Structure formats: C-alpha cells, structure tokens
Amino acid sequence: MMSDKTDYTSDIASLYQELGVRKEVLEFGREIEAGLKERFAAIDETAEYNQLKVIQAMQKNQVSEGSFHYASGYGYNDAGRDTLEDVYASVFHTESALVRPQITCGTHALAIALSANLRPGDELLSPVGKPYDTLEEVIGIRPSKGSLAEYGVSYSQVELLEDGTFDYENIRKAIHEKTKMVTIQRSKGYQTRPSFSVKQIGELIHFVKDIRPDIICMVDNCYGEFVETIEPSDLGADLVVGSLIKNPGGGLAPIGGYITGRKDLIDACGYRLTSPGLGKEVGASLGVMQSFYQGLFLAPTVTAGALKGAVFAANIYERLGYPVIPDGRESRHDIIQAVTFGKPEGVIAFCKGIQSAAPVDSFVTPIPWAMPGYDSDVIMAAGAFVQGSSIELSADGPIKPPYAVYFQGGLTWPHARLGILMSLEYLVREGVVDLC
Ligand SMILES: *Cc1c(COP(=O)(O)O)cnc(C)c1O
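Residues numbered from 1 in each chain as written. Predicted model: local features only at pLDDT ≥ 70, side-chain atom pairs only at ≥ 80, totals over all residues. Heavy atoms only, no water.

**Re the side chain of aspartate 167**
How we decide: Each helix is a run of H or I in the DSSP string that is no shorter than four residues. Each strand is a run of E no shorter than two, and both are numbered from the N terminus. What qualifies as a polar contact is a pair of N or O atoms within 3.5 Å, subject to a donor-acceptor requirement within protein and to the restriction that residues adjacent in sequence count only when both atoms come from side chains. Should any heavy atoms of two residues lie within 4.5 Å, those residues are considered in contact.
Relative to the assigned elements, aspartate 167 resides in the loop between strand 3 (154–157) and helix 7 (168–174). For aspartate 167, the side chain forms a polar contact with the side chain of asparagine 170, separated by 2.7 Å. Apart from the residues lying within four places of it in its own chain, the contact partners of aspartate 167 are Val158, Glu159 and Leu161.

**Notes on the site of the ligand**
Selection rule: One heavy atom within 4 Å of a molecule or strand makes the whole residue count as near it. Each accessible area is a Shrake-Rupley estimate made with a 1.4 Å probe; only the visible protein chains count as cover when residues are assessed.
In the vicinity of the ligand, the residues found are Cys105, Gly106, Thr107, Leu110, Tyr132, Gln185, Asp220, Cys222, Tyr223, Ser243 and Lys246. At 2.8 Å, a backbone N or O of glycine 106 approaches an oxygen atom of the ligand. Interatomic distance of 2.9 Å between a side-chain N/O atom of lysine 246 and an oxygen atom of the ligand. Burial of the ligand by the surrounding chains reaches 89%, relative to a free accessible area of 380 Å². Here the shell around the ligand takes three residues from helix 5 (residues 106–117), the largest share from any one element.

**Details of the packing of helix 4 (residues 79–91) against helix 10 (residues 289–319)**
Quick reminder of the rule: Helix axes are fitted only over the stretch in contact, all axes being lines through C-alpha atoms; the angle between N-to-C directions runs from 0 to 180 degrees. An angle below 35 degrees is treated as roughly parallel, one above 145 as roughly antiparallel, one from 65 to 115 as roughly perpendicular, and anything else as oblique. Note on convention: the crossing is left-handed when the near helix lies turned anticlockwise from the far helix by less than a right angle, right-handed when the turn is clockwise.
Running from N to C, helix 4 and helix 10 point in directions that differ by 20 degrees, and their axes come no closer than 10 Å. In terms of orientation, helix 4 and helix 10 fall into the roughly parallel class. Of the two possible hands of crossing, helix 4 and helix 10 adopt the one that is left-handed. Where helix 4 approaches helix 10, its residues Gly80, Arg81, Thr83, Leu84, Val87 and Tyr88 are matched on the opposing element by Met289, Phe292, Tyr293 and Leu296.

**Considering the sheet that holds strand 12 (residues 394–398)**
Where we set the bar: Any two strands are treated as partners once DSSP identifies two or more bridges connecting them.
The strand order across the open sheet formed by six strands is 8-9-13-12-11-10, and the pairing between neighbours is antiparallel. Only two strands of the sheet have a single neighbouring strand rather than two, namely strand 8 (324–325) and strand 10 (369–370). When strand 10 meets strand 11 (residues 377–382), the two strands line up antiparallel, connected through two bridges. Looking across to strand 11, one finds that alanine 370 is bridged to aspartate 377. On top of the sheet, helix 10 reaches strand 8, strand 9 (337–340) and strand 13 (404–408); it is set at about 15 degrees to strand 9, its chief contact. Relative to the sheet, helix 11 (residues 344–356) contacts strand 11, strand 12 and strand 13, its axis offset from that of strand 11 by approximately 25 degrees.

**Some words on the sheet that holds strand 2 (residues 123–126)**
Pairing within the open sheet is mixed, and its seven strands lie in the order 1-7-6-5-4-2-3. Each edge of the sheet is formed by a strand with only one pairing partner; in this case those strands are strand 1 (96–100) and strand 3. Strand-to-strand twist across the sheet, computed as the mean angle between neighbouring axes with direction ignored, equals 20 degrees. Strand direction decides the pairing type here: strand 1 and strand 7 (residues 257–261), joined by five bridges, are antiparallel. Residue pairing across strands places leucine 98 opposite isoleucine 259, the latter belonging to strand 7. This element, helix 4, spans strand 1 and strand 7 of the sheet and lies at about 125 degrees to strand 1.

**Notes on the domain arrangement of the protein**
Put simply, the test is: Boundary definitions for the domains trace back to an automatic or database domain assignment. In short, buried area is how much 1.4 Å probe accessible area vanishes from two parts on joining, totalled over both. Put simply, a salt bridge is a Lys or Arg side-chain nitrogen that is within 4 Å of an Asp or Glu carboxyl oxygen. Gly is put with the polar residues, along with every residue not named as nonpolar or charged; the nonpolar set is Ala, Val, Leu, Ile, Met, Phe, Trp, Tyr, Cys and Pro, and the charged set is Asp, Glu, Lys and Arg.
Under the domain assignment used here, the protein contains domain 1 (5–49 + 300–429) and domain 2 (54–296). Listed as interface residues are 23 residues of domain 1 and, on the opposing side, 25 residues of domain 2. Taken together, both faces of the contact between domain 1 and domain 2 bury some 2,100 Å²; the carbon and sulfur share is 63%. Its salt-bridge partner being lysine 188, residue aspartate 334 comes within 3.9 Å of it at the nearest N-O pair. Applying the counting rule to domain 1 against domain 2 returns seven residue pairs in polar contact (both at pLDDT 80 or more). When contributions to the side of domain 1 that touches domain 2 are tallied by element, the ones reaching two or more residues are helix 3 (37–60), helix 10 and strand 13. Top contributing element to the side of domain 1 that touches domain 2 by residue count: helix 10, with four residues. Residues of the side of domain 1 that touches domain 2, tallied by class, amount to twelve nonpolar, eight polar and three charged.

**Remarks on the nonpolar core**
This is how it is decided: In these notes, a set of buried Ala, Val, Leu, Ile, Met, Phe, Trp, Tyr and Cys residues joined through side-chain atoms within 4.5 Å is what counts as a nonpolar core. Relative accessibility decides the category of a residue: with a 1.4 Å probe and only protein chains considered, values under 20% of the type maximum give buried, values over 50% give exposed, and everything between is partly exposed.
With 57 residues, the main nonpolar core has Tyr317, Phe341 and Phe350 as its most contacted residues. Residue assignment for this core shows that the elements contributing at least two residues are helix 2 (23–34), helix 3, helix 10, strand 9, helix 11, strand 11, strand 13 and helix 12 (413–429). When sequence neighbours within four positions are dropped, the list of residues in contact with phenylalanine 350 reads Tyr317, Phe341, Ala395, Val405, Phe407, Ser423 and Leu427. In terms of nonpolar packing, the next biggest core, distinct from the first, is built from 42 residues, Ala57, Tyr88, Val158 and Ile184 among them.

**Points about helix 3**
The α-helix winds at 3.6 residues per turn, so residues separated by three or four positions along the chain end up facing the same way. This is how the line gets drawn: Residue count minus one, scaled by 1.5 Å, sets the expected span of a helix.
Between its terminal C-alpha atoms helix 3 stretches 34 Å, which fits the 34 Å expected from 24 residues at 1.5 Å a residue. Along helix 3, the residues classified as buried are Phe40, Ile43, Thr46, Ala47, Asn50, Gln51, Lys53, Val54, Ala57 and Met58. Turning to helix 3, the residues buried within the fold contact helix 2, helix 4, helix 10 and helix 12. Phi for glutamine 62, located one or two positions after helix 3, is positive at around 55 degrees.

**Here we look at the packing of aromatic side chains**
Using the following cut-off: Within 6.5 Å between ring centres, the rings of Phe, Tyr and Trp (the latter by its six-membered ring) count as paired, and their orientation is classed by plane angle as stacked under 30 degrees, edge-to-face over 60, tilted in between. Consider the ring centre and the ring normal. A charge sits over the ring if Lys NZ or Arg CZ is within 6 Å of that centre and within 35 degrees of that normal.
Tallying each qualifying case throughout the model produces 16 aromatic pairs. When the centroid spacing of 5.5 Å and the interplanar angle of 40 degrees are considered together, the rings of tyrosine 88 and tyrosine 258 count as tilted. In this pair, tyrosine 88 is assigned in helix 4 and tyrosine 258 in strand 7, connecting sequence segments 170 residues apart. We note that tyrosine 88, like tyrosine 258, is buried. Aromatic rings pair up to connect Tyr317, Tyr322, Phe341, Phe350 and Phe407 into one cluster. Across from the ring centre of tyrosine 223, 4.2 Å away, lies the NZ or CZ of lysine 246, which sits over that ring. Seen from the ring of tyrosine 426, arginine 429 lies directly overhead, with NZ or CZ sitting 4.7 Å from the centre.

**Quick look at unusual backbone geometry**
With omega at -10 degrees, the peptide bond leading from isoleucine 325 into proline 326 counts as cis. Note on placement: proline 326 falls in the loop between strand 8 and strand 9. The omega torsion across proline 401 and proline 402 is 5 degrees, close enough to zero to call that bond cis. Phi at aspartate 361 is positive, roughly 60 degrees, even though this residue is not glycine. Checked against the element boundaries, aspartate 361 lands in the loop between helix 11 and strand 10. In the Ramachandran plot, tyrosine 403 falls in the positive-phi region, its phi being about 55 degrees despite a non-glycine side chain.

See below:
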C-alpha cells in the first residue's frame, strides 16, 4: 500500500513526541540549546582542525584500498596494520605507534606501556593522585596476581592540591634515582577532580623533565582524544595511551587500544605485547583494519557530537539546580559529564531515559545491581553497537550518596540530544523534576 501523508510524521516536534519527549521538555531543551551557539561553534572548529589533521596523516602515509586487506596467521608484512600505526604516529606527532586488535582494552594498553618499560627496582610515580580503578590492580596498589608490585616495581603517588592543581613541591620530593616513569591521567574518570588540559599536562611534564630529563612521561589519554587541537605528545609526553572503544575508534572499531610515542619505548611495548624477539612484526589484523581507519577518520566529528551532548546536559541540569561537573561554561578536556541528583530516584530516572533513547536495547529497563569491585549497587544504561563502548551514549551511577550519574558519548549530536531530552522526560515522569 502506498503511504500517504497521514501515515507518518513529517515534522520534528511530532516525531519527538512519538518517541516519548513531551512538548515542555522539548521546549526547555530548545531554550537551553539556543544559548549554546558559540560553544558549539568552538567545538565544530576543533573538529574541523582535527578532521584535517587526520586526513593529512592518511594522505601522508598513502592509505590505500590495500590497507584494508585481510591478514591472518602470524601477520608478517601486514601492510595495513603497519600503515595504520604510521597514521597514528603522524596524528599524534610521535616517532612510532602500536595500534592493535590484540590490545583488548584501555587497561591492557596501559598495562603494556608500563610493564614494557619498567624493570625490577624501578619506581612509578603518579603526580596526579589516585589512578583509574583498574590500574590499581595493574600497579599493585590493590594486591593482584601479576601486578607490577609482584615484579618488584615500586609505586608512589602525590595527591593533587585542594584546588585540583599539581603539588609541585611534593612532586619534586617524590622524584629520586629509582623513579623511572611518571603516569599522568588526563581525564578525571569517575573522580571529582577536574580533568587536565593538554597545556596543564605539558607544564607538569616540563617540570618533571627539568628535574630528570630521562624520566619517561606517560599519559593515560582515555576520553581525551580530539577534544582539543593538541594531544599530550605535542607537549612532551613520551607515551600516550588509550582505548579504541572510546574516542579514537570513532564508534566503528570493535576492539583495540593504541600506544603512541618514542620509538624505543614503542618497540619495547611490541616485545611485551607479543614476545621478545618478535615484537611488532607479528599480530595479524584479521580484517578489522577498515573499521580502525574509518573510525579514526570519523573520530573528530564523533567526539564533537559527544562534547555537545556533555555541554547540553551540563546546561540543562545546571539550570534545573543540580550540581554538574564540569559546569555549563567551563572549557572541556574530556567527554565525561557528571550530574549530582542527591537522591537515587534521580540517578535511576536519568539512566532509564538514556536507555530508552538507544538504537539498540531501547526496550530494556536498567535497574541497580551489585557489581564486582563496587561497594554499592550500580545502575548502567547503554544500548551500544559495540559492547561496553563508551563513545556511544551511555550513563552509569553508583546508588550511594551523593547520587551522581556519569554520562558520556553519543556517536551523533542528534542522538546525544535525544538521550538527554529523554533523561529529562523520565525525571519529569517520575516526579523528580517539575518543569512548571
Ligand atoms: C576507560 C579508562 C581506562 C580503562 O579503559 P578500559 O577500556 O575500560 O580498560 C583507563 N583510564 C581512564 C581515564 C579511562 O577513562
């Protein structure tokens, strides 16, 4: 049967309504969005620069159709894989890179970078306080099988100052002859400290190198890629590490991690990932190369969409009186947004809204659940094409005071916008927020 005009909705407002967003929520969102034109223009400008940077890197390294060919077995002469690593090295302005599907996640990439370049008797220093949860077991802060501590690598940590800046005096004191490597986490992750700008990280690296130029400075770049026009390697980082199911995978990479930096350090990572003597020469790419290249190509605009979503959410919930980190006006150094609701109903309704806006599993209702490694129930919302992908629209929050929800991602700005409008819709439906 031919469809006629009454069979479908042709205007945006009605389609939002069909998806479940009431008029008052849509109008509130429109009003907030109208005040964000300049912010969004700045985000688009960063994306424009980064898009050109990625294209330039692909052209310079002569990416071709052959770069996408399937390679199996040992993966000797896997040209697509080697060229992709050259492209990453060009984008990050480094000598070399390791970008592999055999790197299972961000934690694995960080564990490789650390264990490849530390030896028994060496010390690792974190001058930015506690690292990401999963790294506690890698380092051995929490006792764990196979940790760096088990191999005789010691660890020290300098807390940030009250205002979230670096405690230079104590960092100087913490550096001694055993200090071999410094690890700097760019994103706050799930802590309440601010995320660092690349410029701040550059200053910290400069300070460390002034004391001991031979100390290896590694940056955990997770969630930070393409948020600014420069990366930590542009300001002195020896190693920059991240996950391909976050920003640089552009939503298309189905797995993987990257390490980019100085050639000798990257070679060591290759020997650690595969085997001494083999290094980067082996490790077949098994047909994922097209998604790695295409994901990197899309990453600047995908990251921009996620950033717009984060800024939009900050401004919506700030206007409604909830504490938000970062706030509505702050400059951004990663794609994570925290909103504190002060009660469990807020966290739960928010997550239900995010879930209901997903392209996948939208019919599922997220509920708080006990999770290994957490001391309270946790609720998670994600309807992702790639399992656990957090460049895709997702939210989670522990059900404990202060009842904050952490939200990130969105492969496109229209999807991030829908997700945030749906989160507000659920808060209104469940009586947490009153828009009148
Ligand atoms: C996500 C993340 C990691 C770990 O990445 P996984 O892929 O989850 O293992 C490490 N550090 C930071 C700051 C992160 O955001």
